[in-house]
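Coordinate analysis (summary)
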Amino acid sequence: MNFRISVDSGGTFTDGVLIDETGTAVLRKAHTTPADPALGTLDCIGRLAAAKGLSLDALLARTHTLVLGTTMATNAVATGSGPVLGTIATRGYRMRMAFPQVAKAEWKEGPSDMYDFRADPPKPLAAYHLMAEVTERVDHRGEIVTALDEDDCRRAARYLKAHDVGTVAVTLLHSHVNPTHERRIARILAEECPDMQVTLSSSVLPVGGEVERWGTAMFAAYVAPIVRRFVERIEARLQENGFRGQLQFIQSNGGLAAPPIVVENPAVLLLSGPAAGPALGRSLGLANEFRNVLSVDMGGTSFDVGVVHDGIVDTVRQQIIDGKKFALPSVDVTAVGAGGGSIARVDASGRLQVGPKSAGASPGPACYGKGGEFPTVTDANVALGYIDPDFFLGGEMRLRKDLAEAAIRTKVADPLGLTVAEGAAAIYEVINANMASGTDVAFAKRGYDPRDFVMVAAGGAAAVHAVRLIQELRIDTLIVPKVGPTYCAYGMMFCDLKHDYQRSYHSETDRADLGRIQGAFDDMEREARATLRREGVDDAQMAIHRSLDMRYYGQFRDRNAPIAAGAITTGTLRAAVEKFHRVHEQTVGYGDAAYPTEIVRLHLTGSAQVVPPKLKPVPRGADVGVARKGTRQAYFAPRGFIDVPVYDGARLASGVRVTGPAIIEEVFTTFVLPPDVGTVVDDYGNFITKLREA
């Protein structure tokens, strides 16, 4: 077994990466099959096999590790195409999740005016009439105040079954401190409705705060049938085709997990789509001695911003999805409405606006020739000469420059009194400013300064804009990966096994019960180690990291601070408080060591490092001329159109320096170098650009 494969199934395309025993990487794309993602995944693996001159069976028989990522769960939530979901709640709380969970500013497509009564709140995942309730009550200490009425449970089960409910979220009050009633309801549902899938909020997220716990449980229940069916089908089909290696899935937290772990908690795949990209950014940064990395991924619709700080990929404890809270840890990726398909228009005040609305895949940009009438960023890049209409996707798709120019003239240039070239250049500069501004906001929220980071620019469209972005953000160094168009799929090769656990513990720090905290951490550590052992990890390879969510007394928002390994003592707790003060000052702008604090929640992460693949270096060379394809006119303000050399990226040797103005073409992306900016090809074909040297 000498192959490693990773496959990322997106909404439109499925990206695959294969690395063989020599370190040679093969990249392929296939169309995603939403009805059965396993088909698209196997098609992509089949294309990788064909590239190696092997049959699918022969390739899989020699594959040691296969890592899969998918946006399937995300797309199901976004489109509302999941199964019929029901809930069972404590009597009197049936409609709790029907109330708005977040401020209007965080609603999907919500208005910024909090007093706008015309805006409809986001709908819950379960229909109102499918929110059942049962008589029971547990108080905040875990004491049973009212016993569970099992007749109520059976009536609720039969009612939901009669309404074709296929998956249920059980969401009882204070079940995180005493899950007895939720577990009993699960057994009753198994008796009454053996085919119904059941998700317990106390298992998915055993922490206080019913909105976060119940919301996360509802997401988990909603995607459970889809995820479990996919895992079962892909496992079976891979085995039928001779696969005997390790199958792993990329989770929302950026870590890997074995199939049984995913089946037990399908919600871990809900935000797995963009989770692997920053891991590759981290690896590229560390290889070039940078521990702070800004990872950006620009596709057709969005510009995704991820951060690696001090060698660690940033994660968040909560995300807002369609106006609802999802509280499992996930990679902190900020999506800005800017991509190759972002539409440019002149608004009523005569200002040029670009995005966030996108032309999508259909009809797409005007240059696609599929009926698109509005100019997009891709149209501007074609009109400016950055993208060769005859070499889009390596020549697989021909673009219509005349249609791009016509759309720019009609919708942008004429209304603003500009030439077509000036209109296209304006679109280019506005989208760059939008992405830089969105990145600045994302960094301000995290308490970071972009100038302390190196940028890794990936995605099919990012390399066209990357140099202008680092100039806007005053970043010195840019890395454009050779594998940028398959960024997330490639990034999966550099992810580790990782599992997160949480427990509620609320106390003033000065009055904290060290024994209770120690006991909670010990329980989570046992669970983490047991999970990693199931994945074949030895104890010596495991890493355990603990942290506390803390806040100043009386505050609403908290910050996370690490706490040292070993026994929980007054000293280790005091050190954690000192770290909290520093984190609060960094992210909020102030810290007060004299002000009392309180502990809100306990966190533990269990992980095991996966040895990354050893890649084959690119041959060294000194002559840039051997990669020269020709010359074409490209626009660079203020000089306008000038003759620019075009290079074939696949033929550039390591150590070669390319000085702008220049255009480097790869099959799935184009790297634009403005005048007086130079880039160097590193040992693995990545492009390293340093503005200070330029």
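This text follows the structure it describes.
What counts, and at which threshold
- Sequence order as written defines the numbering, with residues in each chain counted from 1.
- Totals for whole chains, interfaces and linings use all residues, but because this is a predicted model, local features are given only for residues with pLDDT of at least 70 and pairs of side-chain atoms are given and counted only at 80 or more.
- The basis for every side-chain value is the complete set of non-hydrogen atoms in the structure, without hydrogens or water.
- Nonpolar core, defined: a set of buried Ala, Val, Leu, Ile, Met, Phe, Trp, Tyr and Cys residues in which side-chain atoms within 4.5 Å join the residues together.
- Buried residues are those whose accessible area, probed at 1.4 Å on protein chains only, stays under 20% of the maximum for their type, while exposed residues exceed 50% and partly exposed ones sit between those limits.
- To qualify as a helix, a DSSP run of H or I must reach at least 4 residues; to qualify as a strand, a run of E must reach at least 2; elements of each kind are numbered from the N terminus.
- To define axes, lines are fitted to C-alpha atoms, for helices over the stretch in contact only, and angles between the resulting N-to-C directions are given on a 0 to 180 degree scale.
- Comment on the angle field: the value is read as roughly parallel under 35 degrees, roughly antiparallel over 145, roughly perpendicular from 65 to 115, and oblique elsewhere.
- Here a residue-residue contact requires only that any non-hydrogen atoms of the pair lie within 4.5 Å.
- Each residue gets one of three labels, nonpolar for Ala, Val, Leu, Ile, Met, Phe, Trp, Tyr, Cys and Pro, charged for Asp, Glu, Lys and Arg, and polar for the others, Gly among them.
- Two strands are counted as paired when DSSP detects at least two bridges linking them.
- The disulfide criterion is simple: two cysteine sulfur atoms within 2.5 Å.
- Polar contacts, as used here, are pairs of N or O atoms within 3.5 Å; protein pairs need one atom able to donate a hydrogen and one able to accept it. Residues neighboring in sequence count only if both atoms are side-chain atoms.
- We count a salt bridge whenever a side-chain nitrogen from Lys or Arg sits within 4 Å of a carboxyl oxygen from Asp or Glu.
- Each crossing gets its handedness from the near helix: less than a right angle anticlockwise from the far helix is left-handed, clockwise is right-handed.
- Between rings of Phe, Tyr and Trp, where Trp is taken as its six-membered ring, a pair exists when centres lie within 6.5 Å; planes separated by under 30 degrees are stacked, by over 60 edge-to-face, and by other angles tilted.
- Only when the NZ atom of a Lys or the CZ atom of an Arg is both within 6 Å of the ring centre and within 35 degrees of the ring normal do we say a charge sits over the ring.

**What to know about the nonpolar core**
- Judged by nonpolar contacts, the single largest core of 65 residues is most densely connected at Leu294, Phe303, Ile427, Met455, Leu478 and Phe671.
- Among the elements that line this core, the one with the most residues is helix H12 (residues 420-446), at 10 residues.
- Of all hydrophobic cores here, the second largest spans 59 residues; its members include Met72, Leu85, Val223 and Val227.

**Considering the packing of helix H11 (residues 401-416) against H12**
- Between H11 and H12, whose axes approach to 9 Å, the crossing angle comes to 80°. Here H11 is positioned roughly perpendicular relative to H12, judged by the angle of their axes. Residues Glu405, Ile408, Arg409, Val412 and Ala413 of H11 form the contact with H12, whose participating residues are Val420, Gly423, Ala424 and Ile427.
- Split into classes, the residues belonging to the contact of H11 with H12 amount to 6 nonpolar, 1 polar and 2 charged.

**Brief notes about the sheet that holds strand E6 (residues 131-134)**
- Taken in spatial order, the 4 strands make up an open sheet running E6-E5-E9-E10, and their pairing is parallel. At either margin of the open sheet sits one strand with a lone partner, and together these are E6 and strand E10 (197-200). Neighbour-to-neighbour, the strand axes of this sheet turn through a mean angle of 25°, independent of strand direction.
- In terms of strand pairing, strand E5 (residues 85-90) meets strand E9 (residues 167-171) through 5 bridges, oriented parallel. Residue pairing for E9: Leu85 is matched across the bridge by Thr167.

**Examining the sheet that holds strand E29 (residues 628-636)**
- Overall, mixed pairing links the 4 strands, which are arranged E29-E30-E32-E33 in an open sheet. Here the strands that pair on one side only, and so sit at the sheet edges, are E29 and strand E33 (670-673). In this sheet, neighbouring strand axes are inclined to one another by 25° on average, regardless of whether the strands run parallel or antiparallel.
- Note: strand E30 (residues 640-648) against strand E32 (residues 662-665), 3 bridges, orientation parallel. Bridge pairing in E32 links Val646 to Ile663.

**Quick notes on the state of the cysteines**
- Counted under the stated rule, the structure contains 0 disulfides.
- Here Cys153 stays free of any disulfide, with the sulfur of Cys193 as its closest cysteine sulfur at 12 Å.
- Unpaired in terms of disulfides, Cys495 finds its nearest cysteine sulfur in Cys488, a separation of 9.1 Å.
- On the accessibility criterion, Cys495 (2% relative accessible area) is buried.

**Some thoughts on the environment of Val430**
- Assignment of secondary structure puts Val430 in helix H12.
- Residues Val430 and Tyr684 lie 254 residues apart in sequence; the distance between their C-alpha atoms is 33 Å.
- The residues touching Val430, leaving out its near neighbours within four places in the chain, are Leu352 and Val354.

**A short note on the side chain of Ser175**
- In this structure, Ser175 sits in the loop between E9 and helix H5 (180-192).
- Assessed through its relative accessible area of 2%, Ser175 is described here as buried.
- A polar contact of 2.8 Å, which involves the side chain of Ser175, links it to the side chain of Arg213.

**What to know about the pattern of salt bridges**
- For the coordinates displayed, the defined rule picks out 35 salt bridges.
- When the shortest N-O distance is used, the salt bridge between Lys29 and Asp15 registers 2.8 Å. With a gap of 14 residues between them, Lys29 in strand E3 (residues 25-31) and Asp15 in strand E2 (residues 13-19) connect regions that are remote in the sequence.
- Taking the relative accessible area as the measure of exposure, Asp15 reaches 10% and is therefore buried.

**Regarding the environment of Thr24**
- Tracing the backbone shows Thr24 in the loop between E2 and E3.
- Thr24 sits in the partly exposed class, given a relative accessible area of 27%.
- With 593 residues separating them in the primary sequence, Thr24 and Pro617 have C-alpha atoms 8.5 Å apart.
- Beyond its immediate chain neighbours, meaning those up to four positions away, Thr24 contacts Leu18, Ile19 and Lys616.
- Engagement of the side chain of Thr24 in a polar contact is seen with the side chain of Thr22, the distance being 2.9 Å.

**Considering the pairing of E3**
- Pairing of E2 with E3 involves 7 bridges; the strand directions are antiparallel. Residue pairing for E3: Ile19 is matched across the bridge by Ala25.
- The antiparallel pairing of E2 with E3 creates a hairpin that spans 5 residues between the two strands, and Gly23 there sits at a positive phi of about 90°.

**Quick notes on the packing of helix H1 (residues 37-51) against helix H7 (residues 210-240)**
- Two numbers describe how H1 lies on H7: the axes approach to 9 Å, and their chain directions differ by 35°. Considering only the axes of H1 and H7, their crossing is right-handed. Along its contact with H1, which presents Pro37, Ala38, Leu39, Thr41, Leu42 and Ile45, the element H7 presents Phe230, Ile234, Arg237 and Leu238.
- A per-class count over the contact of H1 with H7 returns 8 nonpolar, 1 polar and 1 charged.

**Focus on the packing of aromatic side chains**
- Evaluated as defined, the whole model comprises 14 aromatic pairs.
- Plain terms: the ring middles of Phe443 and Phe453 are 4.9 Å apart, the flat faces sit at 85° to each other, and that makes the pair edge-to-face. Here Phe443, found in helix H12, pairs with Phe453, found in the loop between H12 and strand E23 (454-458); they are 10 residues apart in sequence, far enough to count as distant. Here Phe443 and Phe453 have matching classes, each one buried.
- Ring-pair connections join several aromatic residues into one group, and the members of that group are Tyr552, Phe580, Tyr590 and Tyr595.
- The lysine or arginine in question, Arg546, covers the ring of Phe521, its NZ or CZ lying 5.0 Å from the ring centre.
- Here the guanidinium or amino end of Lys629 rests over the ring plane of Phe391, the centre of that ring lying 3.7 Å away.

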